[in-house]
Every structure is written in C-alpha cells, then in structure tokens.
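Below, each chain spelled out in residue letters.
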Amino acid sequence: MNKSYEPEPGVTVTIEEIQRIATLARVRLEQGEAKRMARDMSSILEHMAVLGGVAPEPAPTSGVPQGEGSARPFGEASDEGVPRAGEGAATPDPLERPLERIAPDWRDGLFVVPRLPSVAGAPGERESSP
Amino acid sequence: MKVNAGGVAESAAEVRDGSLAWGSMAAQALEAHGTWERGAVPLNAFIAVDANADRQRGPRDGPLAGIPVAVKDNLATADFPTTCGSRILEKFRSPYEATAVRRLRGAGAVIVGKTNMDEFGMGSSTENSAFGPTRNPWRAERVPGGSSGGSAAAVAAGIVPVAVGSDTGGSVRQPASFCGVVGIKPTYGRVSRYGLVAFASSLDQVGALGRNVRDTATLLEVLSGHDPRDATSANRPVPPLAPACERGVRGLVVGVPREYFPAGLDPVVRRLAEHALGALEGAGAELREVSLPHTRYAIPAYYIIAPAEASSNLARYDGVRFGHRCREADTTERLYELSRSEGFGTEVKRRILLGTYALSAGYYDAYYGRAQEARAAVAGDFERTFGDGVDVLFTPTAPTPAFKLGERVHDPYQMYLSDVFTVTANLAGVPAMSVPIGLAEGLPVGGQLMAAHWREDTLLTAAAALEAELGTVGSPPVPSGAEAA
Amino acid sequence: MKDSPLEAVIGLEVHVQLDTGRKLFCADSTAFGAPSNTAVCPVCLGLPGALPVLDPGAVDLALRAALALDCTIHPVSVFARKNYFYPDLPKGYQISQFERPLATRGAVELDGGRRVRIRRVHMEEDAGKSLHDRFASATAVDLNRTGTPLIEVVSEPDLRSPREARSYLQLLKRLMEYLEISDCNMEEGSLRVDANVSLRKRGSERLEASTEVKNLNSFSAVEKALGVEIRRQTRIRAEGRAVTRQTLLWDAAGGDVRVMRDKEDSQDYRYFPDPDLPPLVLSAARVASLRAGLGELPRAKRERFRRQYELPAYDADVLTSSRGLADYYEAVVACGGQPKTVSNWVMGPVLETVKRGIADLSSPGLAPGRLAELLVLVDKGTLSATAAKTVLAGMARTGDPPGAIVQREGLRQVREDQVLDRWVTDAVAAHPEAVARYRAGETRLFGFLMGQVMRASGRKADPRRVSQLLRAALDADAD
C-alpha cells in the first residue's frame, strides 16, 4: 500500500506478476496457463479502468453492506426483547461427523501435514505469529 | 395425476390434514428426475439425489410438510455431499448443517437432492461445474444460467415445485430468467448465511426459486429470520408474505431506470419488458422514468469486490483439514499449491488471482478501494430513488435469453456481462427478484423487480400482479417417455 | 550502555489472552490442556460455510484493558482479515484489527516516573498449534487454541533498557491480573512478548532500522534477549556496519538470537475489512459505564495504602496486587486491626493458608472480623505469635472464632509472675553448669536457658516477661 497505481487503460499484467500473485494465492500455474491468465487478467483489468472515474463518495467502513446490526451499537440490549445486538449463539455448534472422517491425514487426534521446511527447532515457533 | 400440481401451501395443508400421503410428492419428484435423466440429453440438474427421499421423515405440521425441495450444493448438509460444484470438495461431507437447511427440515420439507452449480458460484451458465454442465430444460443446447442453474432447471423441469439457490451477483435471478421460473434474492441479512459456503461474503444471499410467485413466497418465508450464528443476519421480524401477493399494484410507483434499457439491448428482451411495463400500468401502477447514474460502475466494482473476498474465502481449501489433498506433495508448501491447483477449476483460479491482485500491496487503493467507493455510489443511487417515492424498479433480468453452451466460456468478460442488470442489487444489498415475462422464440425471458431494503413484500406484490396479467410461460416439453411416468 | 554514546530504543508488542473462558468468534471453551482437537466447532475449524460472531464478553475485557491503559476508545472499530497460509491457521486468514483498532494513544507510568506511551490496543484471534516433534518428518496440528481471544498491546518505542522493558511488562501484567482481564500465565502462553529493538545516538530523535525479537516467553527471557541483542547491534555498529531489518528468534537454551527471516521479504498480508463482521460500534454510555466500573487502579491504590495505612512500599505492592486481596486487607483494618500487624499477617500466614488451599479469602474462618479479633489478641499480648498461627490454622480449618479455639486448646499466653518465676527458678536450678558459664561471661548461653524455660511452659509463657525474669535471676544470684 506504499505505492499507488491508478487503474488505467492499456494496463498489462506480466507473466512474472501473475506468477508472483499465484505464489501468494498458493496456486501453481504451468507456463501456458500463466500466459493465458496474464492475457485474461489484462483484458479484465482494462474494463476496470472505468473505476478511476468514480466521484469519491465516502466508502463504507467495513465490507458488510448496510444491513441490520451494522449501525447498532454492539452488545447493547435493544427494544422488543430481542437478543443483544451482535450476541452470538451461547453454545458451539456440535460436529455431527468426527474429524477423522473428513481429515486427509489424521493421527492420534491430530491433523498431519508434511514437515514444514522452515522450521528450525524451537517449540511452537511459527513463520508468522499472530 | 399431474406432478406436484397444487400450490405448495395447499399441498402442505393436504399433507397436514392427511388427505395427501407424506412421501407422495417426493416420489413424484424422484420419478420426474429419472425421466429427465433418461432423456436424449440428460438434464444433469443434480449433483446428488436421495433415492429414498419419499421415505425421509420430518415434522408433519410445518408450512412445507411433505414438499420436495432441491437445495443448491453450496449449502452445508450432513446427509448429502456438499461439493459446491468443485473437485476440491468432491468427497466432502459437512459435519454440520446450514441454518437454511435446518429451517427447511423444521418446516417439514423433504430435501430430494443437491443441485448443480458453477464451481463455488463463479459463473453465469453452470458450465463451470466439475460435474458437467446442466442443460436448459427448454432447449438442451442452451445453458440454464448460473450459478444456481441446477435449482432453476429442477423447478422448470417440474421435478420440484420450489428450490433453494444463492445469489451473489444474479445467481438466482439470471437462471430463473433463463429457465422461465420465479427467483428472489432477499435483502442482504434476511436469510442466514451460516452454512452457505462463501463466495463473496458481503454479496452472498440465500434465495428462493419456484414455479410461481406464491410458492416462492412460501419458501422464502420459511428461510427468513434472524440467526445468532450469522453476525450479518438481521434481527427483525419477518412479515407474513402471502398477503403481499394479493395486494395489487394500484397506486404503486414503478421506476424504470433508463440505464437498464441501453441501445444495444436485445430487441426481443426490450419488447417483452415494455409489454410487462404496460401490463403493470394497466393494473393501476404508475410508471416513472428514473436514472441510476452509477450503474456503469457496477460490473467493474463487482468483479473486484467479489474476487477479492473470494480469494480470502477460498484460502481454507488447502488440503490440510478436509477436501482434496495432493498425495504426492512432500512439503506443506507443495501440498498447498498442488492440492489447490488440482482441486480448483480455471474460472475459480482466475478469480482467486484477480482478487489476490486487487488486494495486494500497491494495488489495494486503486482497485479494492475504488471498487468500495463505486459500491457506495451504486447504493446511493438506490437510496435516492426509493427515497423519492419509487416503490419498485422494473428492468430486464438479463440482456439476452439463454445463450448456447460453450458460447461464452472463452471470453470471461462477455460472461461477466450476463450479470450487468443483476449485480447492482447485490452491491446495494436490496431485495430483487426475477419473474417470467414471456417467451422469445421458445426461450423464456425474465423481468427484474428491485425494492428498498426489507421490502420483499413490495416485490411480491408487483411480481404477483405481473404473473396475473401476463400468465405463466408454461412448462418446457417433458422428454419423450415422460407421459407414461 | 551507561557510558556509551548510543542508547537502546525498545518497543514491545504484547499479546494478552482474555479470560473469557470461551473463544472470540464461537462458544468453544479455551480451558488449557484439553485433548487435541476437541475444543473445536465448525467456526474455529474454518469449515466451509461457518461464520464468526463476536463475543461481547471479550469486547468488555478488551475495553477495560484499553481504559486502564488510558487509551482513546474508538466508537467504531473494524475487524480485518490478515491473509497468509499456515497449517494451524484454518481459514487461511487471521481475524484481527488493522486500520481501525479498538483503541489508540494510551500511556502508563513506570515506577521511576517514566512515561511509556501505548500506540494501540486491538483485538484478534489466536491461531492453533503446530507440533513439529510429534511425528517423524511431519507436522501435527492441534486447533484447540484457534480462536482464543487476545488483545495486542503495542507500546511506542519509549523503553531505553532491558530493565525498563521488564518493569513495563511487570506493570502491564499486574494491571491485567488486577482487573481480571487475564491470568497472564506465560508458561501457558496467555502473555506473549515480541520486542522491537534499535540503537541510536543518545539524544537523537531519529528512528534507526530495528530488529524484532520473538519467542520471549518469560520476563527474564525478555531482559536477557534484549541485552544480547543490544550488544549484538552495538558490535555491528562498532564495526561500521549497518543493522538490517530482521526478525530474530530468542534461543533460551543457547542464550542467543538467530535470524528467522529478513524483513525485506516481509509478507503481503492483503488486509481488508472482514465482510462477515459488522463494524464494532460502541456507544459513549457503554464506554462510560465500563470506565466507572474500573474503580481505583492498582497504582493509585498502592499510593493510597502507603499514605493512609503508613505501610512500606513492599507491603503496599503485595497487598494491591489483586483487587480481592486489597479489599480483604482494608476490611480487616476496618474491623479494628492495627494496619501494620494486619499487613504482616495477611502477607504471611493468611496468604500461606490460601496458597496451601486450606481456605480462601471468602471462607468464614478467615472473615475479616475474625482475623481482626485474632490480631487484637496478639497486640494485647494475650496470644503469642506462635500460638496465634496455630489459632489461625484452626480458624481456617474449622471456621470457628478465635476465642473458642484459644479456650479449647488452652493457648492463652501465661504472663503471671508467680507462675513464670517458678519455671525460671527450676531452669536455673536444673542447669548449674550453664548458669556458671553464663556468669563467667559466656552470654550466648542466655538463649539456651531461655529455651529451657519456654519448653517447661509448653511454649505458653510470655517470652518478653520470661526474658526479664531470667536475666534478673541470673544477675541477682551472681552477687
């Protein structure tokens, strides 16, 4: 978000850029596929250039459209005895099917994946901690 | 006996008072499904069917007692697969059920099967399904529309009287238009999204399809209502919808937005839309030309916001906890890339890349930021129009009748333009519906109605009036051999 | 560092687990130690179609923390998605607050009076756990922790030494514990610390390239790791090289930091507002009522205890470490206890009893009135300190009032001279050799003789009076 580009006609997405995006999205593209995607994306983004002409209106603060709950103060009782705004369900939704039935690899109550390459030893160490 | 001939409310009443056997309508639905699958070109409306649906049990006192219902395959069900039309969820069975599905069961509905769809809802033709395209029951070489093509086709083919779909940019209304049935996308927040597999969370809404306006209203009423498991679900009462269908349009102000009748509009579609407007006027409505000037930003805004949200929503399909996993991967990074590349189809990959691009550093403001501004401008158009005394807007649902299979798959942007009249309602969160307004060379055409937030009742009033004035478009011919069934 | 022309610039990012007992966006329990993958549901597993719903209880605790840190509370804050792939991150994104956090611009004051500014306080969900040593060449994933409610408290780079960083953390921990926001158990991960460190010329305002040190899971780890990292950066600068932006990992066993990744290839998290969650809108009335509910904060309370009860700093510190303990202390004093005696007893035998699990502060046997009664007996000399401890144990165990226990067990202190005299005379008579040596100048034998008298009395004799009588007896007979 440091640099900002204007959407403009004639924008072209390079194959290198497509591959960078594909890596971010963890999608593997063969060379031919990447080429086609670059071409499709360039053509789609060209149509998006019109967005540059929107007279700036205050954009919404969140992704949620103006429905219910978005404007009401959170966690406060409202009239008519309805639950507090934003109040969720009081109990977790139970699982009707054990996890071992949906997990691709399940051992001793754990999901299992191939060992992470970057792990160097410290317990609980993560590439990206929250 | 005609397959499921009565109205849904009447048939359910007969089941409740015992004059109609519980499983009889479900049995007819299974039979009709078999007929369509045995035709020269199978309809392929369903990804999964419960061959014993007529023996399912449920409460007999509900408003949908014994009514066979088809459910789009992106709603979580515990007893059917939930594939979303994707290879990545081919063998996935959800450990929990969607709120909409629980409401159906609670109302006594019999879920006969899960319907085909464009993968994760991404498409306008149901051709992007990992399980093959669904055909348009009116003409097999045409698409049924999408992404709820399976649900629309199942209703049009007379397999079920009503079906559940979902609508992110027109996915209920456009297939309803192509298949000659009624389809409604309620106000964002009216129906719980809990268990609706997310495509674009701020736009997705569960919708109802039906043979006629009344049946559709009956289903919508069952689906609607607050759900504490969905923070975007509205905590407000659902008014009874049946009376709205009887109200009549006398004095109703019908806005006709000029941006929805562009010069290049298919002339048959234009003629049928003008005819429908005449019918509304004849029934006592007041027509008023209006302008929604930001409409031209809708498609670009939609095709930034929806893929952006999708790119994040679809990150969970990583092969770690459920769904397809590439067995050859020897590292977790390769596991991600290979599982996702094998599991997702081309259009899904295209939109994931588009959305990732729009959110990535350096492009966020230019694309996602601008798209949000455009979205606010589109919503502002509706707010002004409804604030100025317009009760309901009337437009064509889609620019053309159903197109041919394969016709648009190679030009993504042409495909995206199928949604040009429908995405605005999703961007603004307002309710919208499609109702048949006639046939163009044997293919159905739908008209779209849009109203202010929470005014599904107004939509139904106008839709019922159109249906009464124009009559139905009838049913497509049943494949040979069906008469004997 | 003291004489160096460079000074350390340290900022801390502290994750604090909110003590709501449940997850932030679903109702699963967050109790520590459940069997793997059992405290999970469709929401925290990230199953297709599941949706998050914010827990109002977590918002309350986060607000209390932000208010206690003197932050500006924002009437509208927004949850965003931080997108990255990791096996223990089920949705492929973490729900956090990014551009619009709950609160900003707070401050705390360290004991020496130094002010540390708080940049922001925001809410977020925790990830699961990846276990790398469970299976050969595989990583196992436990999602019980996924969705645990956290706040992240980010300080400005206002800390100037590892010691100062430590006192800031202690203050933060104390505040969170006192307000019952978190148990701050570092071993269980309910308080986690990352530190940003750089060096600059003393007095300069410039911010230099900093490194981030992770995996600091104890206060001493924080202090040690910062010391090591400051020395490392000092060395680099002395060699005329530039410090590069890096993420480092503290290796407690090796006592060193090592590079985890270069910041330059920092990930592109593609933050955007989470469309599943409406903005968090807080009314002024709600914030005001939470502010009022905070009451007196530990720092103010400690100052008042020192002033009002004339307590040493140490006592005031311990007694105000939790709201419950402070309230208890004040109640005992209000029932007539002498403030310093009460302090000694509360910090000592009472807390000991509680720690052993024999009783807690709300048990009837430890009721403030009862304890005050007991301590009055001590102050009057009716009970010896030793006897009083026995009585206290009895009170805690049985719930009986002190008077009854003293009566029952005959613990009353003996102070009558005629009784004491007999014990003293007996002891002097029984140990002629010791008496002789004492009189010859071996004064340390006084203690031995004193012990004989006390033993003879069954420890009931008033030791002060015994000492007087014994000294008199020994000195008198010497003439």
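1. Re the interface of chain B and chain A
Chain B puts 73 residues into the contact, and the matching count from chain A is 66 residues. Overall, the association of chain B and chain A removes approximately 6500 Å² of surface from exposure, summing both partners, and the carbon and sulfur fraction of that is 61%. Viewed at the interface, chain A and chain B are joined by five salt bridges. When the shortest N-O distance is used, the salt bridge between Asp40 of chain A and Arg350 of chain B registers 2.4 Å. Where chain B packs against chain A, one counts 18 residue pairs in polar contact (both at pLDDT 80 or more). Every element with two or more residues in the side of chain B that touches chain A is listed here: α8 (298–313), α9 (332–343), α10 (346–359), α11 (365–387) and α12 (412–416) of chain B. Take the side of chain B that touches chain A: its biggest share by element is 12 residues, from α11 of chain B. Classifying every residue of the side of chain B that touches chain A gives 36 nonpolar, 16 polar and 21 charged.

2. Regarding the sheet that holds strand β2 (residues 110–114) of chain A
An order of β1(A)-β2(A)-β9(C)-β8(C) is seen for the four strands of this open sheet, with the pairing classed as antiparallel. One side of each edge strand has no neighbouring strand; the edge strands of this open sheet are β1 (106–107) of chain A together with β8 (129–135) of chain C. Across four bridges, the pairing between β8 of chain C and strand β9 (residues 138–142) of chain C is antiparallel. Paired with Ser130 of chain C across the two strands is Val141 of chain C, which belongs to β9 of chain C.

3. Let's talk about the packing of aromatic side chains
All names here are of chain B. This model, assessed by the stated rule, comprises 27 aromatic pairs over all chains. The interplanar angle of 25 degrees and the centroid separation of 4.4 Å between the aromatic rings of Tyr357 and Tyr363 together place this pair among those described as stacked. A residue is classified by how much of its surface remains accessible, and Tyr357, at 2% relative accessible area, is buried. On the accessibility criterion, Tyr363 (11% relative accessible area) is buried.

4. Here's the deal with the confidence of the model for chain A
All names here are of chain A. With 56% of its residues at a pLDDT of 70 or more, chain A shows a mean pLDDT of 73. Looking across chain A, the model is least confident in helix α2 (residues 31–48), with a mean pLDDT of 91, and most confident in β1, with 97. In the predicted structure, residues 67–71 sits below a pLDDT of 50 and forms 12 contacts with residues beyond four places in sequence or in another chain. Here residues 118–125 is modelled with pLDDT under 50, and outside its nearest four sequence neighbours on either side it reaches 12 contacts, counting other chains as well.

About the criteria used
- Numbering of residues starts from 1 in each chain and follows the order in which that chain's sequence is written.
- Chains carry letters from A onward and ligands carry numbers from 1 onward, assigned in written order.
- Predicted model: local features are reported for residues with pLDDT of at least 70 only, side-chain atom pairs are reported and counted for 80 or more only, and whole-chain, interface and lining totals are derived from all residues.
- Each side-chain value is derived from all of the structure's non-hydrogen atoms; neither hydrogens nor water enter the calculation.
- Any two residues whose heavy atoms approach within 4.5 Å at even a single point are treated as in contact.
- When two components associate, each loses some accessible surface as probed by a 1.4 Å sphere; the sum of these losses over both components is called the buried area.
- The rule for a salt bridge is simple: a side-chain nitrogen of Lys or Arg has to be within 4 Å of a carboxyl oxygen of Asp or Glu.
- Between N or O atoms, a polar contact is any pair within 3.5 Å; within protein, one atom must be a potential hydrogen donor and the other a potential acceptor, and residues adjacent in sequence are included only when both atoms are from side chains.
- Working definition: helices are DSSP H or I runs of at least four residues, strands are E runs of at least two. Numbering for both runs from the N terminus.
- Residue polarity is assigned by list, with Asp, Glu, Lys and Arg as charged and Ala, Val, Leu, Ile, Met, Phe, Trp, Tyr, Cys and Pro as nonpolar; anything else, Gly included, falls into the polar class.
- Any two strands between which DSSP finds at least two bridges are classified as paired.
- Working definition: a ring pair exists when centres of Phe, Tyr or Trp rings (six-membered ring for Trp) sit within 6.5 Å. Plane angles under 30 degrees give stacked, over 60 give edge-to-face, the rest tilted.
- Think of it in three bands: residues with accessible area under 20% of the maximum for their type are buried, residues over 50% are exposed, and the middle band is partly exposed, with areas taken using a 1.4 Å probe on protein chains only.
- pLDDT expresses, on a scale from 0 to 100, how confident the predictor is about each individual residue.

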